[in-house]
Amino acid sequence: MLFKLAWRNLWRNKYRTMITVASVFFAVVLSVLLTSIQRGAMQTLVKGIVGFYSSYIQVHKKGYFDEQTLDNVMELNDSLVASIRKQPNVTHVSPRLETFVLASTGESTEGCMMVGIVPSEEKELIKLGSKVRQGIYLADTDRGVMIAQGLAQKLNLKLNDTLILLGQGYQGVTAADKYPVKTIVSFGSPKLNDGLLFMPLAQAQRFLSAENKATSLVVAVKDDRLVNKTQQEIEKSISPAYEVKNWQQMIPDVVELVKSKSSSEFVVVLLLYMLVAFGMFATLLMLMAERQFELGMLMAIGMKKAQLARMIFLESVFVSLVGCAAGLLVSITITHLLSAHPITFGGEMKKMYENMGFEATIPTSTDPSIYYTQVIIIAVVSLVLSVYPMLKISGLNALKAMRK
Amino acid sequence: MSNIVIDAINLNKTYNPDTIPVKAIDGVSLQMQRGEFAALVGPSGSGKTTLLNLLGGLDKPDSGSILINGTDITKLSENRLVDYRLHNIGFIFQAYNLVPVLTARENVEFIMLLQNIGKAEREQRVANLLNQVGLGDKMNVRPSQLSGGQQQRVAVARALASKPQFILADEPTANLDSHSASNLLDIMAMLNKEENMTFIFSTHDQRVIERARRVITLVDGKVTSDTGLVKTQPA
Ligand SMILES: Nc1ncnc2c1ncn2[C@@H]1O[C@H](COP(=O)(O)OP(=O)(O)O)[C@@H](O)[C@H]1O
Ligand SMILES: [Mg+2]
């Protein structure tokens, strides 16, 4: 009965009800789209750095992360690799030997990060194969370097030119050699694109006099949401002489960026819902004033305050429910469509994005948490707002309400 | 069982006791028998509404007691009073008695829903009552499509639906033309007879007063004449 009454009451002032429903609807749609695109962009960014370079987890000799020098290299051993690989969420484990070197053509010299990798592993692990712009993808035993596009440009290097590398090897030994440029690779992140140089691990170990040594084991995971759990499991299964770092620890600047972006996104969403809340509150104010007499009459003939309160509460619930359901329906459809068929843009933007190694699309996230967050917000807003009619009703006196 | 439905003893009610005191009810005592059809008359401001509100448990007297079938309703808490009104007192107000979003049938049924009466009984009673007040053909019509007189008849049906001890009507005809007013009185008189329902209604319409079998006159909050009890008054 209260349901019927509440439902019909919604139609008393059709336009006001529709405006309120519409405000909830648009708030849900806008904040889902906003959050979805924002998160999508963040995921792309994180993938661009984490997925394409650092990977989600790394294992080092204890102390390496704080002091990244060759003095802190670790001896490679199969049982260590095996115990990391046996974790269910781990897909790849691959050693790297990296250090800072000077790269020179004879005419110009640039500092860069030289990374010794196992090309066959990293092809999958960081999708290095897909980054090749010119030349061939090196085999594990090849001699030569794969240089990032930006660095190649700075050094004015072309494919098959010779590059001179100078550095300090293991235990202070001087390292110097020259290698042919076999490959030019490109990275989305300018930081990576301007300063990276890859070569096969075996060649790097020889160059740095660090036979069978590595600075890190790069670990790739199946499910990036389980990174922290996997990190802990690896920690438990290997000797405490090693340290295990996750991507958030390795690149705190990206984490900060994600955090600040999502807090600015939160502010916008909050403002949106505050607007809606004001609208809903105004509706409640009008509604309670208009129905004063009727509520008094109902109390006089024997309707309890609790029943009146439930009726008014149901009315707000209907409005929120309909607005929220319709908003979710539309926004879930839009975000899923966008993520299945991403909008590709053309022209200048397209070129810019592709040069940076990103796809020229509007990325969208369809993380379920985006949707149920809206439901929670609407529910909280409705609940908080319903305090007003509850208070009003609890202070209601039948006679006073019926007096004009 | 005694036939006295209402026994009000020495009621007093003063509005605004702290600022500008208005003594609205001044030492009123009143008894009502089951089946009475009584008019409460008196000039505007004489305290008719105040007295009806006290008898209906909508307001409390400053002193005095109101026994309804032996229960002193002035001693009931606010919450108990709501329930008491629901089960024991029928109300007809001057206007806007009905819930605008409910049909005539639903308005009458509503009070029985509040009383948790079963569906079968509700439906039968609603149909009977609306037929009795002559609105059998308007059952599914909303109040806005009914005339003022028809709305008041629905209110009468609703007041009866809850099977109260008595029905209070504060100037039920004040907003009606004379034809509708007399029609409403016909229906109330008929229900008073057929259902033995006790009615007390306030009015200052002479034609309505003439229909009453008992006339209680209030002046300045005091009962100055009561034809039902004092039969010695000259004609
Ligand atoms: N809520 C109130 N506050 C103050 N004075 C009131 C209130 N209600 C009624 N009165 C006063 O009490 C007296 C009786 O009023 P009322 O019972 O409404 O008389 P009637 O219904 O006979 O016109 C009047 O003088 C009126 O002004
Ligand atoms: Mg009055």
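Predicted model only: the values in this text are computed from it and were never measured.

A word on the overall build of chain A
Okay, step 1: Secondary structure summary: chain A contains 16 helices and 12 strands in total.
Okay, step 2: Relative to the compact-globule value of 22 Å for 404 residues, chain A shows a C-alpha radius of gyration of 31 Å, a clear excess of over 25%.
Okay, step 3: Every one of the 404 residues in chain A was classed for burial, and the buried ones make up 49%.
Okay, step 4: A separation threshold of at least 6 residues defines the contact pool for chain A, and within that pool the share at least 24 residues apart is 78%.
Okay, step 5: For chain A, the accessible area works out to roughly 19,400 Å², and carbon and sulfur atoms hold 62% of it.
Okay, step 6: Computing the positive centroid from 41 side-chain charges and the negative centroid from 32, chain A places the two 16 Å apart.

Looking at the packing of aromatic side chains
Okay, step 1: Summed over all chains, the structure comprises 12 aromatic pairs over all chains.
Okay, step 2: Measuring from centroid to centroid gives 5.8 Å for A:Trp7 and A:Trp11, while their planes differ by 70 degrees, and the two rings are edge-to-face.
Okay, step 3: Ring geometry for B:Phe91 and B:Phe93: centres 5.7 Å apart, planes at 10 degrees, overall stacked. Accessibility assignment for this pair places B:Phe91 and B:Phe93 in one class, buried.
Okay, step 4: Three or more aromatic residues link up through ring pairs in this structure, and these residues are A:Phe3, A:Trp7, A:Trp11 and A:Phe318.

Notes on the environment of B:Val223
All names here are of chain B.
Okay, step 1: With respect to the helices and strands, the residue Val223 is situated in strand E10 (residues 222-226).
Okay, step 2: A relative accessible area of 30% places Val223 in the partly exposed class.
Okay, step 3: Those residues within four positions of Val223 in sequence are excluded, and the remaining contacts are Val28, Ile216, Thr217 and Leu218.

Overview of the sheet that holds strand E7 (residues 166-170) of chain B
Backbone hydrogen bonds are what pair the strands of a sheet, in a parallel or an antiparallel way.
Residues and elements named next belong to chain B.
Okay, step 1: A sheet is described by the order of its strands in space; here six strands give the open sequence E6-E7-E8-E3-E9-E10, paired in mixed fashion. The two strands at the open ends of the sheet, each matched to only one other strand, are strand E6 (89-92) and E10. For this sheet the average axis-to-axis angle between neighbouring strands, irrespective of direction, equals 20 degrees.
Okay, step 2: Looking at chain direction, E7 and strand E8 (residues 198-202) are connected through five bridges and run parallel. By the bridge assignment, Ala169 is partnered in E8 with Phe201.

Overview of the interface of chain B and chain A
Okay, step 1: Across the contact, 26 residues belong to chain B and 22 residues belong to chain A.
Okay, step 2: With both sides pooled, the region where chain B packs onto chain A buries about 2,100 Å², and carbon together with sulfur makes up 68% of that total.
Okay, step 3: At the junction of chain B with chain A, the criterion picks out three salt bridges.
Okay, step 4: With its nearest N and O atoms 3.3 Å apart, the salt bridge here joins B:Glu106 to A:Lys4.
Okay, step 5: At the junction of chain B and chain A, the tally comes to six residue pairs in polar contact (both at pLDDT 80 or more).
Okay, step 6: Of all the elements in the fold, those that place two or more residues in the side of chain B that touches chain A are helix H2 (78-88) and helix H3 (104-114) of chain B.

What about the site of ligand 1?
Okay, step 1: Taken together, 13 residues sit near ligand 1, with B:Gly45, B:Gly47, B:Lys48, B:Thr49 and B:Thr50 positioned nearest.
Okay, step 2: At the site occupied by ligand 1, the surrounding residues belong to chains A and B.
Okay, step 3: At 3.3 Å from a nitrogen atom of ligand 1 is found a side-chain nitrogen or oxygen belonging to A:Arg403.
Okay, step 4: Backbone polar atom of B:Ser46 to an oxygen atom of ligand 1: 3.3 Å apart, as the coordinates give it.
Okay, step 5: For ligand 1, whose accessible area on its own is 550 Å², the fraction buried by protein is 69%.
Okay, step 6: With three residues, the top contributor of residues to the shell around ligand 1 is helix H1 (residues 48-55) of chain B.
Okay, step 7: Broken down by class, the residue content of the shell around ligand 1 amounts to four nonpolar, seven polar and two charged.

Looking at the pairing of E7(B)
Residues and elements named next belong to chain B.
Okay, step 1: Summarising burial for E7: five of the five residues are buried, a large majority.
Okay, step 2: Here E7 shows a buried face lined by Phe166, Leu168 and Asp170 and a second buried face lined by Ile167 and Ala169.
Okay, step 3: The pairing of E6 with E7 spans four bridges and is classified as parallel. Within the sheet, the bridge partner assigned to Ile92 lies in E7 and is Ala169.
Okay, step 4: Regarding the hand of the β-α-β motif, the stretch spanning E7, helix H6 (residues 178-194) and E8 is right-handed.

With respect to the packing of helix H2 (residues 14-54) of chain A against helix H14 (residues 368-385) of chain A
Residues and elements named next belong to chain A.
Okay, step 1: With their axes 10 Å apart at the nearest point, H2 and H14 run at an angle of 145 degrees to one another. Of the two elements, H2 crosses H14, and the hand of that crossing is right-handed. Residue-level contacts link Val24, Val28, Ser31, Val32, Thr35, Ser36 and Arg39 of H2 to Ser369, Ile370, Tyr371, Gln374 and Ile378 of H14.

Some details on the domain arrangement of chain A
How big an interface is tends to be expressed through the accessible area that disappears when the partners come together.
All names here are of chain A.
Okay, step 1: Domain annotation of chain A identifies domain 1 (2-50 + 255-403) and domain 2 (55-250).
Okay, step 2: Distance from the C-alpha centre of domain 1 to the C-alpha centre of domain 2: 48 Å.
Okay, step 3: With nine residues of domain 1 at the interface, the matching set in domain 2 holds eight residues.
Okay, step 4: Where domain 1 abuts domain 2, roughly 820 Å² becomes buried across the two surfaces, and 63% of that area is made up of carbon and sulfur atoms.
Okay, step 5: At the junction of domain 1 with domain 2, the criterion picks out zero residue pairs in polar contact (both at pLDDT 80 or more).
Okay, step 6: Its residues assigned to classes, the side of domain 1 that touches domain 2 shows five nonpolar, three polar and one charged.

Describing a nonpolar patch on the surface
Okay, step 1: The grouping of A:Phe266, A:Val267, A:Leu270, A:Leu271, A:Met274 and A:Phe278 at the surface amounts to a nonpolar patch, some 620 Å² of accessible area in total.
Okay, step 2: For A:Phe266, the position within the fold is in helix H10 (residues 252-290).

Considerations on the nonpolar core
Okay, step 1: If you look at the biggest cluster of nonpolar residues, it comprises 120 residues, and the most contacted ones within it are A:Met311, B:Leu51, B:Leu55, B:Ile66, B:Leu130, B:Phe199 and B:Phe201.
Okay, step 2: The element best represented in this core is helix H12 (residues 305-340) of chain A, accounting for nine residues.
Okay, step 3: Ignoring anything within four residues of it in the chain, the contact list for A:Met311 reads A:Leu2, A:Leu5, A:Ala6, A:Asn9, A:Arg291, A:Leu295 and A:Met303.
Okay, step 4: By size, the runner-up hydrophobic cluster in this structure holds 54 residues, among which are A:Cys112, A:Val181, A:Ala214 and A:Leu217.

Details of the side chain of B:Thr198
All names here are of chain B.
Okay, step 1: Looking at the secondary structure, you find Thr198 in strand E8.
Okay, step 2: With relative accessibility at 1%, the residue Thr198 sits in the buried group.
Okay, step 3: Engagement of the side chain of Thr198 in a polar contact is seen with the backbone nitrogen of Gly35, the distance being 2.9 Å.
Okay, step 4: Those residues in contact with Thr198, other than ones at most four positions away along the chain, are Val5, Met32, Gln33, Arg34, Gly35, Glu36, Gln165, Phe166 and Ile167.

Considering the environment of A:Glu67
Okay, step 1: As for its position among the elements, A:Glu67 is in the loop between strand E1 (57-61) and strand E2 (74-75).
Okay, step 2: For A:Glu67 and A:Thr35, which are 32 residues apart along the polypeptide, the C-alpha to C-alpha distance reads 38 Å.

Section: helix H4 (residues 119-132) of chain B
Residues and elements named next belong to chain B.
Okay, step 1: Compared with an ideal rise of 1.5 Å per residue, which puts 14 residues at 20 Å, H4 spans 20 Å between its outermost C-alpha atoms and is within 8% of the ideal.
Okay, step 2: Residues of H4 that are buried include every one of Arg122, Arg125, Val126, Leu129 and Leu130, and no others. An end-on view of H4 places all buried positions within 120 degrees of arc, on one side of the element. Opposite the packed face of H4, turned more than 90 degrees from it, sit the exposed residues Ala120 and Gln124.
Okay, step 3: The positive-phi residue at the C-terminal boundary of H4 is Gly134, with phi of around 80 degrees.

Cut-offs used in this document
Residues numbered from 1 in each chain as written. Chains lettered and ligands numbered in written order. Predicted model: local features only at pLDDT ≥ 70, side-chain atom pairs only at ≥ 80, totals over all residues. Heavy atoms only, no water. Helix = DSSP H or I, 4+ residues; strand = E, 2+ residues; numbered from the N terminus. Rg over C-alpha atoms; globule rule 2.2 N^0.38 Å. Buried < 20%, exposed > 50% of the residue type's maximum accessible area, 1.4 Å probe, protein only. Contact = heavy atoms within 4.5 Å. Areas by Shrake-Rupley, 256 points an atom, 1.4 Å probe, with all protein chains shown as cover. Lys, Arg positive; Asp, Glu negative; His and termini not counted. Charge placed at Lys NZ, Arg CZ, Asp CG, Glu CD. Phe/Tyr/Trp six-rings, centres within 6.5 Å; stacked < 30°, edge-to-face > 60°. Pairing = 2+ DSSP bridges. Axes fitted to C-alpha atoms, helices over the stretch in contact; angles between N-to-C directions. Buried area = accessible area lost by both parts, 1.4 Å probe. Salt bridge = Lys/Arg side-chain N within 4 Å of Asp/Glu carboxyl O. Polar contact = N/O pair within 3.5 Å; in protein donor to acceptor, adjacent residues only side chain to side chain. Near = heavy atom within 4 Å. Nonpolar A, V, L, I, M, F, W, Y, C, P; charged D, E, K, R; others polar. Right-handed = clockwise from strand over helix to strand, strands pointing away. Left-handed = near helix turned anticlockwise from the far one by under 90°. Domains from an automatic or database assignment. Patch = residues over 30% accessible without salt bridge, like charges linked within 9 Å, V, L, I, M, F, W, Y side chains within 5 Å. Core = buried A, V, L, I, M, F, W, Y, C linked by side-chain atoms within 4.5 Å. Expected span 1.5 Å × (residues − 1). Arc of directions from axis to C-beta.

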